Amino acid sequence: MKGLGLYIHIPFCISKCNYCDFYSIGGADEEKKDRYVSALVRHMQDYKIQAKSYVVTSVYIGGGTPSLLSETQLKTVMRAVKKNFRLSPRCEISMEVNPGTVDAAKFKVMKRLGINRISMGAQSFDDGELAMCGRRHSSHDIFACISDARDAKFENISLDLIYGLPDQTKEKLFENLDTAIELDVDHISLYGLKIEEGTPFWYNRHDLNLPDEDTECDMYFESIEKLAHAGYRQYEISNFAKKHKACKHNLRYWNCDEYIGLGPAAHSYFGGKRYSFKRDINLYIDSFDETKKVNEPLLDEYVDIPPQARIAEYVMLRFRLHEGINLARFKKRFGRSFESLYYEKLWPYVNSGHVVKTKTGYAFTPKGMYVSNYILSHMIGEDLVIPGSNS
Ligand code: SF4
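Residues numbered from 1 in each chain as written. Predicted model: local features only at pLDDT ≥ 70, side-chain atom pairs only at ≥ 80, totals over all residues. Heavy atoms only, no water.

### Some details on the side chain of threonine 65
Defined as follows: For helices the rule is a DSSP run of H or I covering at least 4 residues; for strands it is a run of E covering at least 2, with both sets numbered from the N terminus onward. Polar contact is the term for a pair of N or O atoms within 3.5 Å; when the atoms are in protein, one must be able to donate a hydrogen and the other to accept it, and sequence-neighboring residues count only if both atoms are side-chain atoms. Here a residue-residue contact requires only that any non-hydrogen atoms of the pair lie within 4.5 Å.
Inspection of the secondary structure puts threonine 65 in the loop between β4 (54-63) and α2 (71-84). A polar side-chain atom of threonine 65 sits 3.2 Å from a polar atom in the side chain of asparagine 98. Setting aside residues no more than four positions away along its own chain, threonine 65 makes contact with Ile10, Phe12, Cys13, Asn98 and Thr101.

Structure (structure tokens):
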């Protein structure tokens with residue numbers, strides 16, 4: 001049976017953080033959330049037949065802020081997952097939570113429902129940085145949240161942190177990392193701040209005191225060293241894990257394995273097609289409400305990927321991983337040699353120390369990872385056909 005990942009988008013937030021351009025809405029009442037959950041259930045039912053020959057190896061409930069769902073709403077979602085998809089016995093089931101939106105009782109319910117991995121949006125342990133980002137929680141809330149998750153017997157906890165924040169010094173960032181390490185979490189995602197168009201940070205971008213390029217570069221490399229020293233292996237550009245704690249679901253994306261995404265703005269790669277749904281919760285809800293007549297299609301992008309673009313996409317995603325390209329697996333998957341296709345474009349980066357020849361193939365060095373977007377767009381940019389896939 002083929003493996004499948006399932007992503008469930010929960011597009012509710014208390015308020016919008018200053019850097020965020022994910023699709024979510026604020027101020028949703030319980031009735032709206034109930035209607036949204038009903039739409040998700042219908043959507044899962046629609047997939048039941050198509051997903052019959054697959055076994056789901058990972059489920060990821062992301063957002064937004066999934067921990068804003070009530071216990072009943074969460075139960076409804078998880079029941080529908082189990083009813084409409086075949087889950088593997090060791091299925092990784094992750095849920096994103098924001099500190100301050102979940103208590104010990106809800107963690108216990110989550111655990112009973114089969115959720116076995118927590119991805120916590122900590123972002124910083126500095127209350128000043130949190131406030132500047134527009135986060136609604138304090139550092140104290142993060143400690144309480146981790147303690148509650150552990151009381152509920154969660155043994156796989158990941159923290160998201162951001163580097164390169166306005167006014168952030170290297171010392172402040174490393175204090176954040178030290179705190180995460182002391183908390184002994186299993187996985188750390190460390191993202192560099194990107195000023196996304198349309199966000200409050202973008203509107204104020206000229207007034208933000210952002211670290212200069214050299215400082216940001218030092219932050220990245222020194223963080224990798226610090227985390228490695230503490231036992232967190234970098235397995236992807238922004239992701240670090242203790243042994244056996246790499247996120248299975250995200251690995252599906254970087255391995256170009258199939259997944260279904262449910263909800264507005266969710267993306268799927270299923271049956272050789274890539275597609276996504278519009279960023280519109282009302283359209284999503286109405287599309288699965290039999291009493292409503294909806295004239296607008298829910299589908300946003302839909303691409304049947306041609307063979308050359310499939311290869312380019314695989315190269316782009318696999319190079320994000322520390323392991324990089326495995327020549328034997330590439331040959332098996334595409335029936336062609338990676339080197340015959342890419343060596344000409346690759347060798348300057350091998351010579352410059354951005355790419356290294358490994359025992360099994362080619363991978364970025366840390367220096368290459370830092371500028372991976374630039375290198376990949378040079379290597380494969382013109383072969384990609386998926387909107388936004390080279391960003
Ligand atoms: S809580 Fe997460 S999804 Fe919601 S606005 Fe903040 S960063 Fe974005």
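And the narrative resumes.
### Focus: the domain arrangement of the protein chain
Cut-off, in case you're wondering: For the domain bounds, the source is a domain assignment made automatically or taken from a database. The term buried area refers to how much accessible surface (probe radius 1.4 Å) is lost by two components on association, counted for both of them together. Residues are grouped as follows: nonpolar covers Ala, Val, Leu, Ile, Met, Phe, Trp, Tyr, Cys and Pro; charged covers Asp, Glu, Lys and Arg; every other residue, Gly included, is treated as polar.
What the domain assignment lists for the protein chain is domain 1 (2-253) and domain 2 (325-383). For domain 1 and domain 2, the distance between their C-alpha centroids amounts to 30 Å. Between domain 1 and domain 2, the contact holds 10 residues from the first and 5 residues from the second. Broken down residue by residue, the surface that domain 1 buries against domain 2 is led by Tyr220, Phe221 and Ile237, which jointly contribute 60%. For the pair domain 1 and domain 2, the number of links is 1 residue pair in polar contact (both at pLDDT 80 or more). Take the side of domain 1 that touches domain 2: its biggest share by element is 6 residues, from helix α8 (residues 213-229). In terms of residue class, the side of domain 1 that touches domain 2 is made up of 6 nonpolar, 1 polar and 3 charged.

### Overview of the site of the ligand
Heads up, the rule is: Here a residue is considered near a molecule or strand provided that any single heavy atom belonging to it is located within 4 Å of it.
Cys13, Ser15, Lys16, Cys17, Tyr19, Cys20, Gly64, Thr65, Asn98 and Arg135 make up every residue found near the ligand. Here the shell around the ligand is composed, by residue class, of 4 nonpolar, 4 polar and 2 charged.

### Describing the packing of helix α6 (residues 170-182) against α8
Convention followed: Each axis is a line fitted through C-alpha atoms, taken for helices only over the stretch in contact, and angles between the N-to-C directions span 0 to 180 degrees. The scheme is simple: roughly parallel for angles under 35 degrees, roughly antiparallel for over 145, roughly perpendicular for 65 to 115, oblique for anything else. Handedness of a helix crossing follows the sense of rotation of the near helix relative to the far helix, less than a right angle counterclockwise being left-handed and clockwise being right-handed.
Viewed as axis vectors pointing N to C, α6 and α8 meet at an angle of 25°, and their least axial separation amounts to 10 Å. Judged on the interaxial angle alone, α8 and α6 are roughly parallel. Every pair of crossing elements has a handedness; the one defined by α6 and α8 is right-handed. Contacts between α6 and α8 involve Lys170, Leu173, Phe174, Leu177, Asp178 and Ile181 from the former and Thr215, Asp218, Met219, Glu222, Ser223, Lys226 and Leu227 from the latter.

### Things to note about helix α13 (residues 338-351)
What counts, and what does not: What the bend at a residue measures is the angle between two axes, fitted to the seven residues ending there and to the seven starting there. Three exposure classes are used, based on accessible area relative to the maximum for each residue type with a 1.4 Å probe and protein chains only: buried under 20%, partly exposed in between, and exposed over 50%.
At glutamate 344, α13 is deflected by roughly 60°, the largest bend along its length, and proline proline 348 occurs up to four residues later in sequence. Residues of α13 that are buried include every one of Phe338, Tyr342, Leu346 and Tyr349, and no others. Taken together, the buried residues of α13 touch α11 (307-318), β15 (325-326), α12 (327-334), β16 (355-357), β17 (361-364) and α15 (372-380). The residue sitting at the N-terminus of α13 and contributing the capping side-chain oxygen is serine 337; that oxygen lies 3.3 Å from the backbone nitrogen of glutamate 339. Following α13 by one or two positions, glycine 353 has its phi on the positive side, about 85°.

### Describing the state of the cysteines
As a reminder, the rule being used: Pairs of cysteine sulfur atoms within 2.5 Å are identified as disulfides in what follows.
With the rule as written, the count across this model stands at 0 disulfides. Between cysteine 91, a free cysteine, and cysteine 247, which holds the nearest cysteine sulfur, the sulfur-to-sulfur gap is 11 Å. Assessed through its relative accessible area of 5%, cysteine 91 is described here as buried.

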